[in-house]
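# Coordinate inspection notes
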Amino acid sequence: MEGVAIAGSYDLAIIGGGPGGYAAALYAAAAGLSVAVVEEDKVGGTCLHRGCVPAKELLETAAVYRTVASAADFGILAAVEKLDFSQSQRRKQAVVDQLHRGLTGLMRKRGIEIISSHGRLDAKRRVVLSDGSVLDASNVILAAGSVPRSIPGFEIDGEVVLTSDEVLSLGEIPQSVAVIGGGAIGCEFASMFADLGSKVTLVEVMPRLLPGCDGEVSDVLARSFRRRGMEVVLGTGVEGHTPSGSGTTIRLTSGREVEVEKVVISVGRRPRSEGLVDPASGVRVDSKGFVEVDAYMRTGVPGVWAIGDLVGTPALAHVGFAEAIVAVRDMLKEPVVPVDYGKVPWCIYCRPEVAFSGMTEDQAREAGFEVVVAKDGLGGNSRARILGETEGMLKLIAEKPGPGRSGRVLGVHLVGPWATELLGQGYLAVNWEATPAEIAQFIQPHPTLSETFGEVALALSGRGLHIG
Ligand code: FAD
């Protein structure tokens, strides 16, 4: 390395300190490796600063608003006088800052070096910092994450046309908003804005909300959104918009025009691979910008792995955590099971919440399974009645038992209150390939929302108590 300044020697250098990068750092440091994380902004990445945490914190503001607004039903005479969104933002920031301090402290305690710099992989597979110095590292993990995508005709100006980055630091709730894209992030923002008083138009080009989710679940969600006064426009795209004095008018592919104060573009994210790797390093980037990896997150270049949103796997923080562990164990030559992407947990924190793991009914049939399906709403669930939130459904899809077939659970799909917290049992059932009869043997405490899971499993095992 003649003529090049060496910024430090490590067993592992990681580019990007988001959930993928910091999880890899923590896991590797716990295994005794010396680790450096090169981060140009703040450790925690999108998830902590512009994603999961701030978005869910503001959704909690919406939940508190709803609770106060419906308090009279419980005999508590309190009214929402006013929404001080600047205080909501301050609280959100305090939560983010606390978690950021905690994460930084934990990384330092493990002896992880956080290097504040841009990083890139050069032709010799070295990590080069902004000042031209290089890290001497035996192993490298690329974890540069992703940024919001936009669409033609909608230039992000941060004023009228926003992405999730700008929504999360809005000073006020707009009177009207069009959310373009009915995926997880779009549904969460639409739900939050509707709860906090905006007139919401949610536009999705596919025929259903949450493409990839079970059809019946997305139908329950769309009905619920519409009942709450949101306009849900499905199977329709957008062509462009014409700004006016106080907002803009968007043009839908149906020819309709919708006038709104703000437009939120939530059409997915793109990997941050531009300029990240020198093509001569041998690391391959596909036509969509994802770094190519195998099931062990290996790039094909010895000593270089890639994880998280930078690779073409589900863009979820917990998938990044799982991939970090796979990469580090592979690096340590320890036995490791690759991530089973068809069975990862998905949670969407809109109201009602949606959560699922495993195959949808359509996917199971398309995969050639003969399936049995049981489902139940929440109308008969005592806890849901107590909460006053009976809108929802739990659906269990299992292989039909028969000779040589145990009848394992293939998919668990929930929509309703606290679905994201309830998914845990369903996730385990899918991944442990439990059968409905096995699940039905376990006791669900009463009264809980999780009783519906037990009930549906009982029904699917042939003898339901309250359903079937
Ligand atoms: P990132 O979190 O994007 O982190 C990458 C880091 O690398 C960044 O800090 C960046 O500054 C740094 N970096 C990039 N390039 C360089 C470079 N060349 N040099 C140095 N540093 C660099 N996921 C969930 O699981 N649950 C949720 O509820 C959820 N909600 C979300 C809500 C929103 C609004 C958004 C936008 C995302 C949400 N996600 C959620 C997705 C989640 O945030 C991402 O999947 C996750 O952050 C990806 O982690 P990562 O480490 O791969 O990348």
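A brief look at the structure comes next. (Residues numbered from 1 in each chain as written. Predicted model: local features only at pLDDT ≥ 70, side-chain atom pairs only at ≥ 80, totals over all residues. Heavy atoms only, no water.)

### Quick notes on the sheet that holds strand β22 (residues 409-416)
What counts here: Strands pair, by our definition, only if DSSP identifies at least two bridges between them. Each helix corresponds to a stretch of at least 4 residues labelled H or I by DSSP, and each strand to a stretch of at least 2 residues labelled E; elements are numbered beginning at the N terminus. Convention adopted: a line fitted to C-alpha atoms gives each axis, helices being fitted over their contacting stretch, and angles between N-to-C directions are expressed from 0 to 180 degrees. In what follows, a contact means two residues having at least one pair of non-hydrogen atoms within 4.5 Å.
One open sheet holds the 5 strands; their spatial order is β18-β19-β22-β21-β20, and the pairing between them is antiparallel. Whereas interior strands pair on both sides, the edge strands pair on one side only; in this sheet they are β18 (346-348) and β20 (371-377). Strand-to-strand twist of the sheet, defined as the mean angle between neighbouring strand axes without regard to direction, takes the value 10°. Here β18 runs beside strand β19 (residues 353-358); their pairing, made up of 3 bridges, is antiparallel. Looking across to β19, one finds that Ile-348 is bridged to Val-354. Packing against the sheet, helix α11 (residues 419-431) makes contact with β18, β19 and β22, and its axis sits at approximately 10° to β19.

### Observations regarding the site of the ligand
Basically, it comes down to this: If even one non-hydrogen atom of a residue comes within 4 Å of a molecule or strand, that residue is called near it. For the purposes of these results, a polar contact is taken to be a pair of N or O atoms within 3.5 Å, where, inside protein, one atom must be able to donate a hydrogen and its partner to accept one; residues adjacent in sequence count only when each atom of the pair is a side-chain atom.
The environment of the ligand is formed by 37 residues, the closest being Glu-39, Thr-46, Lys-56, Asp-309 and Ala-317. Between an oxygen atom of the ligand and a main-chain N or O atom of Pro-19, the distance comes to 3.2 Å. Here Cys-47 contributes a backbone N or O atom positioned 3.2 Å from an oxygen atom of the ligand. The leading source of residues in the shell around the ligand is helix α2 (residues 45-50), at 4 residues.

### A look at the packing of aromatic side chains
What counts here: Stacked, edge-to-face and tilted labels apply to pairs of Phe, Tyr and Trp rings (six-membered ring for Trp) whose centres lie within 6.5 Å, assigned for plane angles under 30 degrees, over 60, and everything in between, in that order. Burial classification: accessible surface area is computed with a 1.4 Å probe over protein chains only, and a residue below 20% of its type maximum counts as buried, one above 50% as exposed, and the rest as partly exposed.
By the definition in use, this model includes 2 aromatic pairs. Between the aromatic rings of Tyr-22 and Phe-321, the centroid separation amounts to 5.9 Å while the plane-to-plane angle is 55°, which identifies the pairing as tilted. Of the two residues, Tyr-22 is situated in helix α1 (residues 19-30) and Phe-321 in helix α8 (residues 317-331); the sequence distance between them amounts to 299 residues. You can call Tyr-22 buried: its relative accessible area is 14%. For the pair Trp-346 and Phe-356, a centre-to-centre distance of 6.0 Å together with 10° between the ring planes defines the contact as stacked. A residue pair is termed long-range when its members are at least 10 positions apart, and Trp-346 in strand β18 and Phe-356 in strand β19 qualify at 10 residues. Given the relative accessible area of 8%, Phe-356 is considered buried.

### Thoughts on helix α13 (residues 451-460)
In terms of residue burial, α13 counts as a mostly covered element, since 9 of its 10 residues are buried. All of the buried residues along α13 are Glu-451, Thr-452, Phe-453, Gly-454, Glu-455, Val-456, Ala-457, Ala-459 and Leu-460.

### A word on the nonpolar core
Applicable threshold: As used in this record, nonpolar core signifies buried Ala, Val, Leu, Ile, Met, Phe, Trp, Tyr and Cys residues forming a set joined through side-chain atoms within 4.5 Å.
Core analysis: the largest hydrophobic core is formed by 52 residues, its most contacted members being Ile-14, Val-35, Met-107, Val-127, Leu-135, Ile-141 and Leu-142. Among the elements that take part in this core, α1 stands out by supplying 7 residues, more than any other. The residues contacting Ile-14, other than those within four sequence positions of it, are Gly-21, Ala-24, Ala-25, Val-35, Ala-36, Val-37, Val-38, Ile-141 and Ala-143.

### Quick look at the side chain of Thr-452
Inspection of the secondary structure assignment puts Thr-452 in helix α13. Using a relative accessible area of 3% as the deciding quantity, one classes Thr-452 as buried. Engagement of the side chain of Thr-452 in a polar contact is seen with the side chain of Asn-381, the distance being 3.0 Å. With near-sequence residues (within four places) excluded, Thr-452 lies in contact with Asp-376, Gly-377, Leu-378, Asn-381 and Leu-394.

### Points about the pairing of strand β9 (residues 176-180)
Regular strands show a simple pattern: their side chains alternate between the two faces of the sheet. To keep it simple, the criterion reads: Think of it like this: strands point away, you trace from the first strand over the helix to the second, and a clockwise trace means the crossover is right-handed.
Where burial is concerned, most of β9 is hidden: 5 out of the 5 residues are buried. What you see with β9 is no split at all: Ser-176, Ala-178 and Ile-180 on one side and Val-177 and Val-179 on the other are buried throughout. Bridge analysis of β9 against strand β10 (residues 199-204) gives 5 bridges, and the strand direction is parallel. By the bridge assignment, Ser-176 is partnered in β10 with Lys-199. Viewed along the sheet, the connection from β9 through helix α6 (residues 184-195) into β10 turns out right-handed. Note: β9 against strand β15 (residues 262-265), 4 bridges, orientation parallel. Following the sheet pairing, Ala-178 is matched in β15 by Val-263.

### Quick notes on the environment of Val-311
Structurally, Val-311 can be placed in the loop between β17 (304-306) and α8. If sequence neighbours within four positions are ignored, Val-311 has contacts with Phe-290, Val-291, Val-293, Met-297, Ala-306 and Glu-323.

### Let's talk about α1
For the record, the criterion: Here, expected helix span is obtained from the residue count minus one, scaled by 1.5 Å.
Its 12 residues give α1 an end-to-end C-alpha distance of 16 Å, which sits within 8% of 16 Å, the value for a rise of 1.5 Å per residue. Of all 12 residues making up α1, 10 are buried, and the element is well covered by its neighbours. If you check which residues of α1 are buried, you get Pro-19, Gly-20, Gly-21, Tyr-22, Ala-23, Ala-24, Ala-25, Leu-26, Ala-28 and Ala-29. Lining the buried residues of α1 we find β1 (6-15), β2 (35-39), α2, α4 (85-109), β6 (134-142) and α8. Backbone geometry just downstream of α1 places Gly-32 in the positive-phi region, at approximately 95°.

### Some words on unusual backbone geometry
With an omega dihedral of -10°, the bond running from Arg-351 to Pro-352 counts as a cis peptide bond. Tracing the chain through its elements places Pro-352 in the loop between β18 and β19. Going from His-446 to Pro-447, the amide bond is cis rather than trans, its omega being -5°. Among the structural elements, Pro-447 can be located in the loop between α12 (436-441) and α13. For Arg-125, which is not glycine, the phi torsion reads 65° and is therefore positive. With respect to the secondary-structure elements, Arg-125 resides in the loop between β4 (119-121) and β5 (127-129). Residue Arg-125 is classed as partly exposed on the basis of its relative accessible area of 39%. Its identity as a non-glycine residue notwithstanding, Lys-333 has a phi of 60°, on the positive side. Tracing the backbone through its elements, the reader meets Lys-333 in the loop between α8 and β18. Judged by relative accessible area, Lys-333 falls into the exposed class, the value being 74%.

### Things to note about the sheet that holds β15
Either a parallel or an antiparallel arrangement is found when strands of a sheet pair, and the pairing is made through backbone hydrogen bonds. In space, the 5 strands of this open sheet follow the order β8-β15-β9-β10-β11, with parallel pairing throughout. In the strand order of this sheet, the two ends are held by β8 (161-162) and β11 (231-234), each with one partner. Where α6 meets the sheet, it contacts β9, β10 and β15, and its direction lies at approximately 165° from that of β10.

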